[in-house]
Amino acid sequence: MDQLLRQVGELLLSSIPTIISLLVVWTAYRVLVHRKLEQVLAERHARTEGAIEKAKADIASAEARTAEYEQKLREARAQVYKIQESRRKQIVDQRAHAIEAARKRAEEMVKAARAALDQEVAAAKAGIPRHAEVLADQIIQSVLRPAVAAGGR
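Cut-offs used in this document
Residues numbered from 1 in each chain as written. Predicted model: local features only at pLDDT ≥ 70, side-chain atom pairs only at ≥ 80, totals over all residues. Heavy atoms only, no water. Helix = DSSP H or I, 4+ residues; strand = E, 2+ residues; numbered from the N terminus. Rg over C-alpha atoms; globule rule 2.2 N^0.38 Å. Areas by Shrake-Rupley, 256 points an atom, 1.4 Å probe, with all protein chains shown as cover. Lys, Arg positive; Asp, Glu negative; His and termini not counted. Charge placed at Lys NZ, Arg CZ, Asp CG, Glu CD. Salt bridge = Lys/Arg side-chain N within 4 Å of Asp/Glu carboxyl O. Buried < 20%, exposed > 50% of the residue type's maximum accessible area, 1.4 Å probe, protein only. Patch = residues over 30% accessible without salt bridge, like charges linked within 9 Å, V, L, I, M, F, W, Y side chains within 5 Å. Polar contact = N/O pair within 3.5 Å; in protein donor to acceptor, adjacent residues only side chain to side chain.

Now, about the overall build of the chain: what can you tell me, with residues and values included?
Within the chain, the secondary structure is distributed over one helix and zero strands. The C-alpha radius of gyration of the chain comes to 63 Å, more than 25% above the 15 Å expected for a compact globule of 153 residues. Principal axes of the C-alpha set define a box for the chain whose edges measure 200 × 30 × 20 Å. Accessible surface for the chain amounts to roughly 14,100 Å². Of this, 63% is attributable to carbon and sulfur atoms. Distance from the positive charge centre (26 side chains) to the negative charge centre (20 side chains) of the chain: 6 Å.

Structure below.
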């Protein structure tokens, strides 16, 4: 066992230069490389996060512009529908006025025709007694003529 302890002691003594070299390399790594590496990684992380945040902001901006565009499109469509509706209403009103004017003209024409017909009827009624006398005279003469002609023979 004594020999084993001695071998372990020799092994430890022979490993001291390796341990010191390892500590020097580790310290040099920490001083020269690790700090710079951490700075580069932190900068990379910041840039990546910044790019991600910028991309999110750009997406949000694009969505806002899209929503604004869609809102303007809806407003434009509503405006077009209002214009179409007002034009349709204007046309319907014009048609109604035209129909009303035509109806009034037709009523005036009917009144004028009735007045003319009433005048013709009145004139015809006034002329009936005269025509009746003339017709009666003609009938009497046509009935009496053959009788007068027969009696005179």
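Tell me what's going on with the pattern of salt bridges, and back it up with residues and numbers.
Enumeration according to the criterion identifies five salt bridges in this entry. Residue Arg-103 is joined to Glu-100 by a salt bridge in which the shortest nitrogen-to-oxygen separation is 3.3 Å. On the criterion of helical spacing, the pair formed by Arg-103 and Glu-100 is a turn pair, its members being three residues apart in helix H1 (residues 2-151). For Glu-100, a relative accessible area of 34% puts it in the partly exposed group.

Explain a nonpolar patch on the surface residue by residue, including any values.
A grouping of Ile-19, Leu-23, Trp-26, Tyr-29, Val-31, Leu-32, Val-33, Leu-37 and Leu-41 is seen on the molecular surface, where their side chains present a nonpolar patch of about 870 Å² in accessible area. Within the fold, Leu-32 resides in helix H1. Among the residues examined, Leu-32 registers a relative accessible area of 59% and is labelled exposed.

Can you tell me about the side chain of His-34, naming the residues and giving the values?
The residue His-34 is located in helix H1 in this model. Of the polar contacts made by the side chain of His-34, one reaches the side chain of Glu-38; its length is 2.7 Å.

Any link to function would need more than the numbers given here.
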